[in-house]
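Listed below, chain by chain, are the residues.
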Amino acid sequence: MASHEEDCSPDTLAFMELAIQQAKLAMDSLEVPVGCVIVEDGKVIASGRNRTTETRNATRHAEMEAIDILLEHWQKNGLSKLEVAEKFSNCYLYVTCEPCIMCAAALSILGIKEVCYGCANDKFGGCGSILSLHLGSSEPLKSLWFHLPSLGNTSMLSECCHRERKPKFSA
Ligand SMILES: [Zn+2]
């Protein structure tokens, strides 16, 4: 697996807790419980949760929701494409579950600096579990897998794992 485990800093844990809160909101809405936050200069600048059921749109993953919030905000503020690219290159994503292949590709294209995720996604994972899209560009997306036991509140992540980790092949 391309991702690896690292010790969690207090900041990382705090941001992951915020991502878990987003995942809880998703679960309360009967969505697959995945949540994320995007951080720039140590501050959360966007958050997102899975909204595929609510929107009846299979692409509305937590990461896409958060990215769209930023794109809309930055476009309203008149940022150029170059400035938007520069902003994304300074952003960190904290997400409860490894980004899927679609999201990993999008994050890599946008040039997000680093992705930290709480559990592997062995059905759709795009950061090492199934494909390694984070390694595909000239500046590979740094992807870190934080081991579940190192997180204070793991129940949400366990739930997330449980829902995502269905058998790859069913009889
Ligand atoms: Zn996704």
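Keep in mind it's a predicted model, so treat the numbers as computed, not measured.

Overview of the overall build of the protein
Scanning the protein from terminus to terminus reveals six helices and five strands. Across the protein, helices and strands are ordered from the amino to the carboxyl terminus as α-β-β-α-α-α-β-α-β-β-α. Counting over 171 residues, the protein shows a buried share of 40%.

Some remarks on the environment of cysteine 36
Turning to its location among the elements, cysteine 36 is positioned in strand E1 (residues 35–40). The contact partners of cysteine 36, leaving out residues within four places of it in the chain, are Ala19, Gln22, Ser47, Gly48, Ala62, Glu63, Ala66, Leu93, Tyr94 and Val95.

Some remarks on unusual backbone geometry
Phi angles above zero are rare outside glycine, and leucine 30 is one such case at about 60°. Here leucine 30 lies in the loop between helix H1 (10–28) and E1. A tally of 9 C-beta atoms within 10 Å means that leucine 30 is categorised as exposed. Even without glycine at this site, arginine 56 takes up a positive phi of about 50°. In this fold, arginine 56 is placed in the loop between helix H2 (52–55) and helix H3 (62–76). The exposed category is assigned to arginine 56, around which 8 C-beta atoms lie within 10 Å.

As for H3
The terminal C-alpha atoms of H3, which comprises 15 residues, lie 22 Å apart, in line with the 21 Å expected from a rise of 1.5 Å per residue. Taken together, the buried positions of H3 are Ala62, Glu63, Met64, Glu65, Ala66, Ile67 and Leu70. The elements touched by buried residues of H3 are H1, E1, strand E2 (43–49), strand E3 (91–97) and helix H5 (101–110). Where H3 ends, the next residue or the one after it, glycine 78, has phi of about 80°, a positive value.

Section: the environment of leucine 79
In this structure, leucine 79 sits in the loop between H3 and helix H4 (81–88). Apart from the residues within four sequence positions on either side, leucine 79 is in contact with Trp74 and Val84.

Here's the deal with the pairing of E1
Here E1 lies mainly inside the structure; five of its six residues are buried. Sheet analysis places E1 next to E2, joined by six bridges and oriented antiparallel. By the bridge assignment, valine 39 is partnered in E2 with valine 44. Two strands pair when backbone bridges link them, and E1 and E3 are joined in this way by five bridges, in the antiparallel orientation. Considered in E3, the bridge of isoleucine 38 is made with leucine 93.

Considering the confidence of the model for the protein
Considering every residue of the protein, the mean pLDDT works out to 80; 74% of them sit at 70 or more. Mean pLDDT values for the elements of the protein range from 42 in helix H6 (residues 155–164) up to 98 in E2. The low-confidence segment residues 147–171, where pLDDT is below 50, has 42 contacts with residues more than four positions distant or belonging to other chains.

About the criteria used
- Residues numbered from 1 in each chain as written.
- Predicted model: local features only at pLDDT ≥ 70, side-chain atom pairs only at ≥ 80, totals over all residues.
- Helix = DSSP H or I, 4+ residues; strand = E, 2+ residues; numbered from the N terminus.
- Buried ≥ 20, exposed ≤ 12 C-beta atoms within 10 Å, placed from the backbone.
- Contact = placed C-beta atoms within 7 Å.
- Expected span 1.5 Å × (residues − 1).
- Pairing = 2+ DSSP bridges.
- pLDDT = per-residue confidence, 0-100.

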